[in-house]
Structures are given as C-alpha cells and as structure tokens.
Amino acid sequence: MTGASVTALRTKDGWSVVPALTIAVLLGPIAAGLMGTLLPAFGGLRPGGGSAWSLEPWRQMAAEPGLGQGVWLSVKTGLLSTFAALLGCLLLVAGWQGTRVFRAMERMLSPLLSVPHAAAALGLAFLIAPSGWVTRLTSPWLTGWERPPDLLIVQDPGGWSLIAGLMAKELPFLLLMSLAALPQINVGERMLVATALGYGTVRGWMLTVLPALYAQLRLPIYAVLAYAMSNVDVALVLGPSTPPPLSVLILRWMTDPDLALRAPAAAAALLQLGLVVGAIGLWRLGELGAARMGRVMIETGARGAGWLDNMCRMVGVSIATLAALAIFGGLISQLVWSFAGRWRFPEALPSSFGLRSWDRHGEAALEVSLTTLGLAALAACIALLLVLGCLEAEHRRGRNLGRLGLLILYLPLILPQIAFLPGLQILLLQTGAARGLWPVLLSHIVFVTPYMFLALAGPFRAWDTRYATIGAAMGASADGVLWRLRLPMLLTPILTALAVGMAVSVGQYLPTLLASGGRLSTLTTEALALSSGGDRRAIGVWTLALTVAAWLPFAAALLLPQLVFRNRAGMLNG
Amino acid sequence: MADGLELRDLAIAHRDGRPLVAVSTQVKPGQVVSLMGPSGVGKSTILAAITGVLSPSFTCTGDIVLNGRSLMGLAPQKRRVGILFQDHLLFPHMSVGQNVGFGLPRRTTDRKARVAAALAEIGLAGFADRDPATLSGGQRARVALMRMLLAEPETMLLDEPFSRLDAELRERMRELVFSRATAAGLPVLMVTHDQADADAAGGPVIALS
C-alpha cells in the first residue's frame, strides 16, 4: 500500500505532453535558425544551390569597413544602457520603496512597459531631434537658435541617443521584475534590522536585500543586455547609420536584393551571438567583483547614512523620472504631430490643428491595425494554451519547473533574435516553406510564450488549492476542478497574460520582417519603414496606432472582469 | 456496511523517509473524534491523506477504510469524503445557490428545488442568487456546511472549522455541525487547537505530539 494515495494524485493523462510540446515549440525554431545561420557562414546553403566548406563569408564580413565600429557600438551601447537602467532601477527601489514617491513612479512606469520599442524610440527621436520639443522649448531664449540647428543628435555616431532610448525602455521592465520578486524576500524585516543598526537606506538595502533580489533578477538582466546589444528596432531609429551597429549591418545584408550577401550576414550573426555570450560572461565577472566589494563593505561596517544616502536616492529618482518623461513626452509629441497643421520652429505648439494626417493615413493604419491585432490574438491564444498546459501539468506532477526549465523559457529572450532569425529565413527560403502566415505566427509564439508564462505562473501557483480539495471532495474530477473552479477564478490574471502576450506580439519587428520574407505589414514594420523618411505627421499617426494596439488588450483585460463579475465582489477585490 | 471511518496504522513520512505522524483510530457513525496537538505536528496532513490530496513530498502507509471500502489509491473525487476549512472558501465566482448545488450528483433533476430547500433549512431562504461576498461570516459557514452535505459524503472532516468565528457564533455553529453529522450518521474527524471544540464534540480526543 506504500504511497498508494500519492499515485492517485498523479494519474497519467494528456497534460504531461504539453511541457514537451512547449519545449519543442520554443527550441525547434531556435535550433533550426541557428543551423540556418551556421551552415551558410561556412559555405553551406548557397543561393544557387550546393555547399562547400569555406571561410569566404568571414573574409567578406571582415572586409566591411564599418565592421569594427559596429562591433564596438554593439558592446558599448549594450553594456552602458543595461548598467544605467539597472542602476536607476536599484537606486529607486532601494531608496524609495514604500514611499508615496515610489508608488507614483510605479504607476507611471508600469504602462510604459507595454509601449512597443519602436514607438518609444520614435517618440524619443521626436523629442530630442534638432527641431524637437527639447530645442523648441529652449529656443531662442536660451540657445539663440532661430531655426533648427544643424546637429546630429538623433543617430549620433557615438550611439548616445541609442543608449538613452534603450535605458528609458528597459528601466520599467527591470523595475517590474524587481517588484514581482521582492514580496518573496521579506524586505521589511531585512530593512528593519539594517536601519535599526544605523545603516543608511540605500547602503542597508544594497547589503541585505540586493543579494537575494539579484539572484532572481539575473536572467531578466541578461535578457536586457542581450536585447540592448543586438536589437534592430531601437537601433534603426536612434542608432548611428554610417557605420551602424552590427545588428543593423546584418539586417542590411539580409534584406539586400543581392542574395550573395546572405553568407556574410550569417557569419556576422554568429559574431553577434559570440559578442552577446562574451558580454554576459563579462557581466558575470562584474557580478563577482561587486559581490566581493560588498563583502569588504560589510566587514568595514560603514553605515553610509549621511549625504551619500541622499545622493543615491536623488540619482535613482532622477534616472527614473527622465525615463518616464522620455517615453511619455515622446507619445504626447507624436499625438500633437499627428494633429498638427502648420508648426513653425521654434514655436512650442502648432499654430493650427487638423485631421489632415488622419484623413491621409488613418484608413491604411486601421487596416494594418486589424492584421496586427489578429496575428497578436492568434499567437497569444496558442501560447496561452501552452502556458496553461505547462502550469497544470506541473501542478498535477506536484513539482515546479526546475532550473533547466526556467533556462529554456528564457532562451528565446536571451539569445539575440538577429543571431537565429536570419538563419530561419534562409532555411525557409531554401525549402520554399516561407509561404503563408504560419512562419510568422510560429516565430511570434516563440517570443510571446515566455512572457506569458512569467505573467501567469505567479497567480496560477498562488491559487489556494484547498478549493481543489473541496471540489474533489464533492465529486469533481481534476479536469472539472480546472475548468469549473481554477480557470474561472483566474480569469483576471489570464486576461492580463493574454494582454502581455498580445503587446509582445504587436511590438515584434524582426520575426515579422524575416519570417514573412518582408511580405507581411504590421504596425511595427510600417512605423519603422517610415522612420527614415522623416514625415513626422505620418509617423505620428502610425506610432499612435501602434501604441494604442498594444494598450487595447490591457484595457480589455481591465474591463472584462468588471462586466463578467459585476455581481461578484470577491472576484474584483479579493 | 456503515461501520464508520477507520485509520489502520496510518503513518505519514517525508519523502526522504523521516517519519512525520502516525495515528490509528476508529470513528463510529455519528461519533466525533478530535485530533489535537501543536501546529506543524501533521494534523492537517492526516486530513489531506484521507481526502486523497497528500502532497507528493510525503508518503503514507497503513490503510484508510470508510464503511468497509479502502480509500488508498482511490482518486479524491471517488472517496465521498466531505471537508470543511476554517475559511469557508465559498467559490467566489459562483452565486450562493451555485455553491450549494456544486456537489449535487449530476443526474439530479430538481436541482433548483433541492438548493432552495437546503438554503431554507439553514435560514437563508431566497439567497440563491446572492453574491457570496455579501454574506456574513456565520452565513458563509452555514452555506459551506450545506454545500458539503448536499454532495452526500460518507464522512465529515473538519479542519479547525470554527476558529474564525466569534464566541457566540462558534457555539451555534458547533451545535449545527455536530447535530447534522449525528442526524446523518456520519463519522466526524476534527482537527482543532481549541479544547472547547473537543469538549463540545464529546467524543474521544487523540493528542498528537
């Protein structure tokens, strides 16, 4: 009879297949993509057919004059923007958690998370361009400029506007990940002990809370670092163009009509992958160094309670405020431009408003919005089935996802898209499989699933399983408990996860561009295609449509439970 | 064969083999046996083993026999074991009536009438369409009891069911629960911290340590 009642819980059923299926859906395209990158980089999969071992793609790549600068830009912008975003996030949490200021910042930064990268980047470009709001508001009284100055602020060769854009966009992400992790580590008790011993808020937090928090923040940080080094959607808008960062260079070769350039592109994609791996290694070394410094600090017993504490708190809140201003200001600037009639420099506002830009671009934008949202809804619904299946399977097995599972989940977020999506495209073209919607849909699911799992796992696992006990005691099967109790009670977090997934899908650029072979237009691809043209009114319309498309599902996720549960107070406040 | 609930040398151990708790007892129909002891001693774990939802981090040996049937290896929904928790855990997304009717056997035809009658029995006539969140603590406790009884269990498990109620309500609830159990001839196993619960139950007390 040993353990008999345990086996009753773990009956074999269809659910145990879902985790394996999910792993296949996540790793399949990645493995295929890496293969499709690896082979052409060494002479395989040639456009005319045939393969032969060769290092020619690498020689072609090395002959590109801008390569060294592109590599340096990737490393510099990636490391600096990640460090600045992390610093801002940590100082804000350390210095302000539990205060009114912190709650205000939290409320301001959370909605920024779902603003697509392309929209945020274009917004920042609107603000800091020579004829943008920053110069308009300071001209001519401060700067003396009567016309837009001839300066390269956006797309500056040093990559500083790119760094600023990445930092502003990644800070809300790191902050939200911190807020999700903090409740599990007794911050209140730790801080009470530290401050009672005379430590300053920031110093005490860094020594007692950070070590526990950082362990949970590590994978999100690596994801941010990898993204910052290898993204194209922000780099196309804010990054320098001659020479561009490595990722943009790869994209240029990949989308060049000359198919012979696919081979050096594949080699460069592998180089980009190596750079990211190297940078993560370097970051890991930095973590070890910081930990050693922390231990030394603990032993000296310095309290850091005076001016340093105040300065750290000010730095934290300043970085976060700048990030919020950059993105919000950008959105408002796009709104104003889309309705602007005549708008002369250096006037702060247009002299007339009108609907002309909306008349001209509104219909097309609406049509593309529907495609974008339809694709997003389809990808998010499929990913939801996978995520719910995985969570229910782990519940029935009685064991949570291990370290390996978590790593697989994060792989699509950490592995640079530009390292394996070109390979996927080469493979799809070679096999003639790049037809129809499914390659795009599948590639979206790869990136949507991890975020939805992260959004839903907490609420799903936190559900009080005594409800399941009661339900089973009254004769409900495990499936009955799932459908009649657990899922309805989790409706709100499920809708939120769907909204997260749809926002991620709406913001995807490379997967849409490469997996569809450039044939599918979404709001992101359209907005980025317009970005080089400089028609601010058109960009305003398209980027607003893009942001609204990302926000709409969240609005639905807030409203629907209010309707469904309008007579169920326990579901709305409890 | 209504000979009650029997725990035969039931022993629960951690997965690594460390013993947690062991108990052997017979609860006759209509009788209430109280399990007492400090927290962490494994009282609720015994109830989990009986309902069939023991976490995989534990193993259990011995036998659990309900009216002549061994429950070991049986799926939770096949055991016919009713349970009440201290938080009454009404399903928040259902109406009061849907809560009470949740455990009614599938083939029940006069569902509405049965629910209405059950609610009337506990002084909540006409409450079927109400939101459970609008009920008072005492009302919730009664609904939870009725919900369990309508599923026609063969035994009743109580996991500190009265500890969240104030003194006066507690007394009335005890009386209601125990009288219903006696009337239905159900064996009752109660986990409690409160000596007064055990006194009111009047049955044997097993002290775990």
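Fair warning: this is a prediction, and the values are worked out from it, not measured in the lab.

A few words on the overall build of chain A. Assigned secondary structure in chain A consists of 26 helices and zero strands. By the compact-globule yardstick of 25 Å for 574 residues, chain A fits well, its C-alpha radius of gyration being 25 Å. Considered along the principal axes of its C-alpha atoms, chain A spans approximately 80 × 70 × 55 Å. Across the 574 residues in chain A, those meeting the buried criterion constitute 47%. The contacts of chain A with a sequence gap of at least 6 include a subset with a gap of at least 24, amounting to 81%.

What follows is about the overall build of chain B. Across its full length, chain B holds six helices and nine strands. Relative to the 2.2 N^0.38 estimate, which gives 17 Å for 209 residues, the radius of gyration of chain B is 17 Å and therefore close to what a compact globule would have. In terms of overall dimensions, chain B has a C-alpha envelope of 50 × 40 × 30 Å along the principal axes. For chain B, the residues scored as buried account for 44% of the 209 residues in total.

Another point: the interface of chain A and chain B. Contacts between the two partners involve 32 residues from chain A and, on the opposite side, 32 residues from chain B. Secondary-structure elements contributing two or more residues to the side of chain A that touches chain B are α1 (4-9), α20 (466-473), α21 (478-489) and α26 (569-572) of chain A. Across the side of chain A that touches chain B, the residue classes break down as 17 nonpolar, twelve polar and three charged.

Residue and element names in this part refer to chain A. For α21, with twelve residues, the first-to-last C-alpha span of 15 Å sits near the 16 Å given by 1.5 Å per residue. Every buried residue belonging to α21 is among Ala478, Val481, Leu485, Arg486 and Met489, and all of these are buried. Taken down its axis, α21 places every buried residue within 85 degrees of arc, on the same side. Turned more than 90 degrees from where α21 packs its buried face, Asp479 and Trp483 sit exposed. On the buried face of α21, the contacting elements are α16 (356-397) and α20.

Before going further, it helps to spend a moment on the packing of helix α4 (residues 67-96) of chain A against helix α8 (residues 160-181) of chain A. Residues and elements named next belong to chain A. Running from N to C, α4 and α8 point in directions that differ by 40 degrees, and their axes come no closer than 8 Å. If you check the angle between α4 and α8, you find them oblique. Of the two elements, α4 crosses α8, and the hand of that crossing is right-handed. Taking contact as the criterion, the partners of Thr77, Leu80, Ser81, Thr82, Ala84, Ala85, Leu86, Gly88, Cys89, Leu92 and Val93 in α4 are, on α8, Leu162, Ile163, Leu166, Met167, Glu170, Leu171, Leu174, Leu175 and Ser178. Here the residues of the contact of α4 with α8 are counted per class, giving 14 nonpolar, five polar and one charged.

What follows deals with the nonpolar core. Within soluble globular proteins, side chains that are nonpolar generally end up buried alongside one another. All names here are of chain A. The biggest cluster of nonpolar side chains holds 224 residues, and the ones touching the most others in it are Leu124, Ala125, Ile250, Val387, Met452 and Leu456. Of all the elements, α16 adds the most residues to this core, at 14 residues. Apart from the residues within four sequence positions on either side, Ile250 is in contact with Ala265, Ala268, Ala269, Gln272, Ile418 and Pro422.

All names here are of chain B. The sheet built from four strands is open, its strands ordered β2-β1-β4-β5 with antiparallel pairing. The outermost strands of the open sheet, each flanked by one partner alone, are β2 (19-27) and β5 (69-70). As defined by bridge partners, strand β1 (residues 5-14) adjoins β2 across seven bridges and the pair is classed as antiparallel. Its bridge partner lying in β2, Ile12 is registered against Val21. Packing against the sheet, helix α1 (residues 43-51) makes contact with β1, β2 and β4 (58-66), and its axis sits at approximately 115 degrees to β1.

The next thing to look at is the confidence of the model for chain A. As a general rule, the predicted coordinates of low-pLDDT regions are not to be interpreted in detail. Scored by pLDDT, chain A comes out at a mean of 90, with 97% of its residues at no less than 70. Confidence drops under a pLDDT of 50 for residues 1-11 of chain A, and excluding neighbours within four residues, the segment shows 31 contacts in the predicted structure.

Thresholds, definitions, all that
Residues numbered from 1 in each chain as written. Chains lettered and ligands numbered in written order. Predicted model: local features only at pLDDT ≥ 70, side-chain atom pairs only at ≥ 80, totals over all residues. Helix = DSSP H or I, 4+ residues; strand = E, 2+ residues; numbered from the N terminus. Rg over C-alpha atoms; globule rule 2.2 N^0.38 Å. Buried ≥ 20, exposed ≤ 12 C-beta atoms within 10 Å, placed from the backbone. Contact = placed C-beta atoms within 7 Å. Nonpolar A, V, L, I, M, F, W, Y, C, P; charged D, E, K, R; others polar. Expected span 1.5 Å × (residues − 1). Arc of directions from axis to C-beta. Axes fitted to C-alpha atoms, helices over the stretch in contact; angles between N-to-C directions. Parallel < 35°, antiparallel > 145°, perpendicular 65-115°, else oblique. Left-handed = near helix turned anticlockwise from the far one by under 90°. Core = buried A, V, L, I, M, F, W, Y, C linked by C-beta atoms within 7 Å. Pairing = 2+ DSSP bridges. pLDDT = per-residue confidence, 0-100.

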